[in-house]
Amino acid sequence: MDRRSFIKTSGAAVMAAGLVNSSLFAGTSPAGIGMCDWNLPKGSANPDIIAKAAEVTLQGIQVSVATSPDNVPLRDPKVRQQYVELGKKHGITFHSVAAGSILNKYALATEPQSAVYVIDAIEAAQALGAKNILIAFFGNGDLLKKDADGKYYTKTINGYKEHELDDARVEKVIDCLKQIAPRAEAAGVVLGLENTLSARQNLEIIEGIGSPIAQVYYDVGNSWGNGYNVPAEIRKLGNDRICEVHLKDWKTKILGDDKAMVDMNACSKALMDISYDKWLVLETSGRKNEFEADTKTNVAFSKRVFGVS
């Protein structure tokens, strides 16, 4: 048996056993396992969480740039330096900065001030050495069209059902991010769009922005729970259009347990197929009062299933 046949045969056996390890099948594997800071004890935009992240075997943290208009800690150079110093001390990477909850309240499509938070995130990411920012579109920031009762309009495209976009809101977001994109390009920071849209819809928005710096921040839990074929979506977007991936389940706090909805093995195989080489980010705190044990379990599971060293 030649080398190619051996890899193909042994790979099929491992896949059948449910022991996906992307490093076996491709020249690349995910960069590491991080966590959103809002899932760590003591909450968002707080450098005190860094030591705890290291204790529970995390390799990185996604840092919130702000929690409210009156609390934007990452604007302060001293706070940024504190992050950098503590990150070095505890071996923690800051792979991304999130403009999350603040944009869910102050929507990019309707609130002019929200563009400032995106710029804050770019500047903070540059200072922390992060390559990506997360720009959230949930809550007030939702980009989907709703009726008077708050229900989504749906349509079928090539046999695939999806919710309809609110074109006016989408147009405003595109116009805003077109203006911000050159600043992100100069900083070397990707604009990662996190939402509940389909891969096709996200690609339309990215094309409208017109910059390779605009990509998708993909959440397997949100997408699976909203009825998308997640492995197919991942393959459609490809490695060049996914900047980072949130890992969580729709029903359980423990990845891969018997209550899980999301097929993490299938997600791993799809990421392997696109040679995904960026961060995987846990967006789960585990069960109540079980943060430490459950996080260590989720980190170990993620490393094993996604082939992270």
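Details of the structure are given in the entry above.
Basis of the calculations
Residues numbered from 1 in each chain as written. Predicted model: local features only at pLDDT ≥ 70, side-chain atom pairs only at ≥ 80, totals over all residues. Heavy atoms only, no water. Pairing = 2+ DSSP bridges. Helix = DSSP H or I, 4+ residues; strand = E, 2+ residues; numbered from the N terminus. Axes fitted to C-alpha atoms, helices over the stretch in contact; angles between N-to-C directions. Contact = heavy atoms within 4.5 Å. Buried < 20%, exposed > 50% of the residue type's maximum accessible area, 1.4 Å probe, protein only. Right-handed = clockwise from strand over helix to strand, strands pointing away. Phe/Tyr/Trp six-rings, centres within 6.5 Å; stacked < 30°, edge-to-face > 60°.

A. The arrangement of the sheet that holds strand S9 (residues 242-247) in detail. An order of S1-S2-S3-S4-S7-S8-S9-S10 is seen for the eight strands of this closed barrel, with the pairing classed as parallel. Neighbouring strand axes in the sheet, compared pairwise and without regard to direction, differ in orientation by 30° on average. Bridging between strand S8 (residues 214-219) and S9 involves four bridges; their strand directions are parallel. Following the sheet pairing, tyrosine 218 is matched in S9 by valine 245. Helix-sheet contacts for helix H8 (residues 199-209) involve strand S7 (190-194) and S8, and the interaxial angle to S8 is about 155°. Its contacts with the sheet place helix H12 (residues 291-306) against strand S1 (32-36), S9 and strand S10 (279-282), and it is angled at close to 140° to S1.

B. Quick look at the pairing of strand S2 (residues 60-64). Buried residues dominate S2, accounting for five of its five residues. A two-sided burial pattern is seen for S2, the buried positions comprising Gly60, Gln62 and Ser64 on one face and Ile61 and Val63 on the other. Both S1 and S2 contribute to a ladder of three bridges, which runs parallel. In the sheet register, glycine 34 faces S2, and the bridge partner there is glycine 60. Crossover handedness for the path S1 to helix H3 (residues 50-55) to S2: right-handed. Judged from the four bridges that link them, S2 and strand S3 (residues 93-99) form a sheet pairing that is parallel.

C. View of the packing of aromatic side chains. Using the criterion set out here, one finds one aromatic pair in the structure. Taking the centre distance of 5.4 Å and the plane angle of 85° together, the rings of tyrosine 83 and phenylalanine 94 count as edge-to-face. Of this pair, tyrosine 83 sits in helix H4 (residues 77-90) while phenylalanine 94 sits in strand S3, and the two are eleven residues apart along the sequence. Exposure remark for tyrosine 83: the relative accessible area of 1% places this residue in the buried category. What makes phenylalanine 94 buried here is its relative accessible area of 5%.

Interpretation note: all reported values are geometric properties and have no functional meaning in isolation.
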